Amino acid sequence: MPPRSNNNRPGTPGNPGRKPMFNMYWMYALIILSLLALYYFQDGSHTEKVNWTRFEELAETGCISTIIIDKQSEDAEGILNEKGRKQIPINTDAMEGDIKVVTDIPSSSVISEKIDEWNATLASGGMKPMTVEYEKGSNFTQLFWYFGPFVLLILFWVFMSRRMSGGGSGGGGIFSVGKSKATLFDKNNKTNVTFKDVAGLAEAKVEIEEIVEFLKNPQRYTELGAKIPKGALLVGPPGTGKTLLAKAVAGEANVPFLSMSGSDFVEMFVGVGAARVRDLFKQAKEKAPCIVFIDEIDAVGRARGKNPNMGSNDERENTLNQMLTEMDGFGTNNGVIVLAATNRADMLDKALLRPGRFDRQIYVDLPELTDRMEIFNVHLRHLKVVPDLDIEQLARQTQGFSGADIANVCNEAALIAARNNKKTVEYSDFMGAIDRIVGGLEKRSRVITDEEKFSIATHEAGHATITWMTQYGNPLVKVTIVPRGRALGAAWYAPEARQIIPTQALLDTMCGLLAGRAAEEVFLGQIGTGASDDLERTTKIARSLVIMYGMSDKLPNLNYNDSTGQEYGFTKPFSEETARIIDEEVARIINEQYERAKEILRKYAAQHNKIRDLLVEREVIYHDDVQEILGPRKWKSRTDEIMELNRKEAGTPPPFSTPEK
Ligand code: ATP
């Protein structure tokens, strides 16, 4: 994903529109200060409100030591002495501060007379007279209690309203939630990715470059009456370079490029997605001619549910509807081309895919052999590698790898080389990296007994023998009995990239997968749990052979698979009877291949045992070792044929050396 920067927003660092920060920390500081003030100003006293008669009673009976008169608020406070403290209905023993009684004075003119009267009574009874103090106004604590909460409330309200309007702190507020979060790449802010960094993908690049050309030079097309396409959708498996291609457009196009991810439209507030779409297109129209890129568009563009009440997300549908309107509605958005990327075009709403919205779908597939070589070349630019590195062999070893996987192999190889204190990265480091990525980390520390080793070697030698002896078995690269990841041993193949897979190829693959278990049965007389992964894969292939490709004898030419994932819901598209036949066919096919594997193994038992013994001895054996034991393969590899064709076309000798083994 392109790095997200907010430098087109007001109030962010480096932006002149910045205002002083008013954030939550101010509030915390204020609250803490208020609490501290309260703590220091409180005198630990307790005040009891009493009526005038009770106050008089306490004063006359000598329970009050001091009277404080507040003429402004017309009340009198009496500090109780030891005797008075006992008169209060609460337990005052644990209280350290003064205990006061407070009352309203009936009339300020009578209070002085009353005090004289009480003091006279006390004197006649032989008790100490009360001292009198006059207070002019409220003390700080009282003031604080009267006004503090209001001040705090007002401050809090001001703070919240500033945050919600987003005015004070740079646009992150609730009212700016409908603004799109698109990152802008233009003349001042370019990515440094160019089309040179995107290897392979020749057709996709041509189409994308053409789109950039439309914007730069529209007359060339409009003069002939052609309409400029509104959008192009990049579809393909993960890591094949869709985002990279879009980044290259941002780097090369001399027009503004707005980039956003599909998930950026999604927010917890209703209506925000649609508002963001509107805002995005508004920005785009202002900057036209320009390109809008939406990565992972399936986050919003997923097909709308048939029944809106049945768990479908209304908010997402609103967002999608807005996008449909913006892309092809009444409003014109001339000069805005929308690029989008997704792994799942089949999930997208049909309306989004129709011409007029995404006119073009550009399929970005997993790279072919020559593309992989180019991708290796791009990523090797940054590495220090040995001069005669066999890139073709590396590309052959990475059939089925995406561009991202290859980038990972290169990095992993460099790490392995660095770990071994090498000055340059060698072929073996790349092989180590590929092994690691495919099989997981080597676990030499796992303790394996000789008996177990023998059994693993028997199993792996079984795979090696059968793949060598069947027409569509993939060319073997290496066999190992060193535990790796979860596996106890593994056979590595260079899988052939086939455009069309004949039935026999599926059967041979199954036979090769079952060979491990078959070898255990034939040569050890007992089977183990080690084959569970092989069995899972075999069963999947057999099932797809029957229900997807219509290749089985009893259910020919029928496909019960729903590639869109929308048709059948919870119901099966076939009857119970057919389900039974499917199960039977799957079991039959697997059984036949298992028997076939055993037969071939019995025929080549001597060779199998040689491979097994070599494996026990060396732990890792290669293609050449197997070739020596089983003789050259009868069938030519398809990859070899393609490479030969390529070279003939180019009229050049092979560009890469063959690897040392
Ligand atoms: P996703 O669908 O998962 O988002 P994507 O197709 O967008 O994946 P990218 O993010 O473009 O994949 O690719 C990831 C990384 O893989 C790139 O940063 C780049 O290093 C490498 N890569 C992928 N394809 C290529 C390519 N054709 N040439 C060079 N590098 C590539």
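Criteria and thresholds
- Residues numbered from 1 in each chain as written.
- Predicted model: local features only at pLDDT ≥ 70, side-chain atom pairs only at ≥ 80, totals over all residues.
- Heavy atoms only, no water.
- Helix = DSSP H or I, 4+ residues; strand = E, 2+ residues; numbered from the N terminus.
- Buried < 20%, exposed > 50% of the residue type's maximum accessible area, 1.4 Å probe, protein only.
- Contact = heavy atoms within 4.5 Å.
- Areas by Shrake-Rupley, 256 points an atom, 1.4 Å probe, with all protein chains shown as cover.
- pLDDT = per-residue confidence, 0-100.
- Arc of directions from axis to C-beta.
- Salt bridge = Lys/Arg side-chain N within 4 Å of Asp/Glu carboxyl O.
- Axes fitted to C-alpha atoms, helices over the stretch in contact; angles between N-to-C directions.
- Parallel < 35°, antiparallel > 145°, perpendicular 65-115°, else oblique.
- Left-handed = near helix turned anticlockwise from the far one by under 90°.
- Pairing = 2+ DSSP bridges.
- Polar contact = N/O pair within 3.5 Å; in protein donor to acceptor, adjacent residues only side chain to side chain.
- Expected span 1.5 Å × (residues − 1).
- Nonpolar A, V, L, I, M, F, W, Y, C, P; charged D, E, K, R; others polar.
- Near = heavy atom within 4 Å.

> Give a detailed account of the overall build of the protein chain, specifying residues and quantitative values.
Of regular secondary structure, the protein chain possesses 23 helices and 14 strands. Counting only residues that meet the buried cut, the protein chain has 43% of its 661 residues in that class. Taking the contacts inside the protein chain whose residues are at least 6 apart along the sequence as the reference set, 74% of them involve residues at least 24 apart. Per element, the accessible surface of the protein chain, about 36300 Å² overall, is 54% carbon and sulfur.

> Would you mind going over the confidence of the model for the protein chain in detail, with residue names and values included?
Taken residue by residue, the protein chain gives an average pLDDT of 80. The fraction at 70 or more is 83%. Between residues 166–172, whose pLDDT stays under 50, and residues either more than four places distant or in other chains, the model counts 10 contacts. Taken as a whole, residues 653–661 scores under 50 in pLDDT and shows 14 contacts with residues more than four places along the chain or in a different chain.

> Lay out helix α2 (residues 52–60) in plain terms, naming residues and giving numbers.
All of the buried residues along α2 are W52, F55, E56, L58 and A59. What you see down the axis of α2 is that its buried residues fit within an arc of 165°, all on one side. In the segment just after α2, G62 is the residue with positive phi, at about 75°.

> Describe the pattern of salt bridges, listing the residues and the values that go with them.
Within the structure shown, the criterion is met by 30 salt bridges. Across the salt bridge formed by K422 and E426, the nearest N and O atoms sit 3.5 Å from each other. Judged by relative accessible area, K422 falls into the partly exposed class, the value being 27%. On the accessibility criterion, E426 (31% relative accessible area) is partly exposed. Put simply, K598 and E521 hold a salt bridge, and the shortest N to O gap is 3.0 Å. Of the two residues, K598 sits in helix α20 (residues 576–603) while E521 sits in helix α18 (residues 503–524), which places them 77 residues apart along the sequence.

> Explain the packing of helix α17 (residues 450–469) against helix α21 (residues 605–618) to me, and be specific about the residues and the numbers.
Direction vectors running N to C along α17 and α21 enclose 130°, while the axes themselves pass 8 Å from each other. Looking at the two axes, α17 sits oblique to α21. Viewed along their axes, α17 and α21 form a crossing whose handedness is right-handed. Residues K453, F454, A457, T458, E460, A461, G462 and T465 of α17 form the contact with α21, whose participating residues are H608, I611, R612, D613, L615 and V616.

> Residue-level account of unusual backbone geometry, with values.
Non-glycine residue E296 carries a positive phi angle of around 45°. Inspection of the secondary structure assignment puts E296 in the loop between β9 (290–295) and α10 (298–301). Residue E619 is not a glycine yet carries a positive backbone phi of 70°. Note on placement: E619 falls in the loop between α21 and β14 (620–622). For E619, a relative accessible area of 21% gives the class partly exposed.

> Tell me what's going on with the sheet that holds strand β13 (residues 490–493), and back it up with residues and numbers.
Strand order across the open sheet formed by three strands is β13-β12-β14, with antiparallel pairing between neighbours. Each end of this open sheet is capped by a strand with a single partner; those strands are β13 and β14. On average, each strand axis in the sheet is tilted by 15° relative to the strand beside it, whichever way the strands run. Examined bridge by bridge, strand β12 (residues 476–480) and β13 share four bridges and lie antiparallel to one another.

> Break down the side chain of D429 for me, citing the residues and quoting the values.
Structurally, the position occupied by D429 is in helix α16 (residues 427–439). A polar atom in the side chain of D429 sits 2.8 Å from the backbone nitrogen of E426. For D429, the contacting residues outside a window of four places in its chain are A413, I416, A417, N420, K422 and T424.

> Before we move on, can you summarise α21 with the specific residues and values?
In a regular helix each residue adds 1.5 Å, so 14 residues correspond to 20 Å; α21 covers 20 Å between its end C-alpha atoms and thus fits that length. Where α21 is buried, its residues touch α17, β12, α18, α20, β14 and α22 (623–630). Immediately beyond the C-terminal end of α21, within one or two residues, lies E619, with a positive phi of roughly 70°.

> So what's going on with the pairing of strand β4 (residues 99–104)? Residues and values would help.
Judged by how many residues are buried, β4 sits mostly within the fold: five of six residues are covered. Pairing between strand β1 (residues 46–49) and β4: four bridges, direction parallel. What sits directly across from E48, in β4, is V101. Summarising the sheet, strand β3 (residues 75–80) and β4 pair through five bridges and their orientation is antiparallel. Across the sheet, I79 pairs through a bridge with K100, a residue of β4.

> So what's going on with the environment of N119? Residues and values would help.
For N119, the position within the fold is in helix α4 (residues 108–124). Taking the C-alpha atoms as reference, N119 lies 9.1 Å from T131; in sequence the two are 12 residues apart. In this structure, N119 is in contact with P129 and M130, ignoring residues within four places of it in sequence.

> Tell me about the environment of N646, residues and numbers included.
Structurally, N646 is set in helix α23 (residues 638–650). C-alpha of N646 to C-alpha of T370: the two residues are 276 residues apart in sequence and 9.0 Å apart in space.

> Could you give an account of the packing of α21 against α22, with specific residues and numbers?
When two helices pack together, their arrangement is captured by the angle between the axes and the distance separating the axes. It is at 9 Å that the axes of α21 and α22 come closest, and there the two elements cross at 150°. Handedness of the crossing formed by α21 with α22: right-handed. Between α21, through Q607, K610, I611, L614 and R618, and α22, the contact on the second element is made entirely by D625, V626, I629 and L630. The residue inventory of the contact of α21 with α22, partitioned by class, reads five nonpolar, one polar and three charged.

> Go over the sheet that holds β3 with me, naming the residues and quoting the values.
Strand order across the open sheet formed by five strands is β1-β4-β3-β2-β5, with mixed pairing between neighbours. Single-partner strands in this sheet number two, and they are β1 and β5 (131–135). Each strand of the sheet is rotated relative to its neighbour by a mean of 25°, with strand direction disregarded. Pairing of strand β2 (residues 64–70) with β5, which is carried by five bridges, proceeds in the parallel orientation. Bridge pairing in β5 links T66 to T131. Along the sheet, α2 makes contact with β2, β3 and β4, crossing β4 at roughly 135°.

> Residue-level account of the site of the ligand, with values.
The ligand sits among 18 residues. The nearest are A199, K242, T243, L244 and N343. Here an oxygen atom of the ligand sits 2.9 Å away from a polar atom, N or O, in the main chain of G239. Bound to the protein, the ligand loses 80% of the 630 Å² it would expose on its own. At the level of secondary structure, the elements contributing two or more residues to the shell around the ligand comprise α8 (242–252), α13 (369–380) and α15 (403–419). For the shell around the ligand, the class distribution of residues is eight nonpolar, seven polar and three charged.

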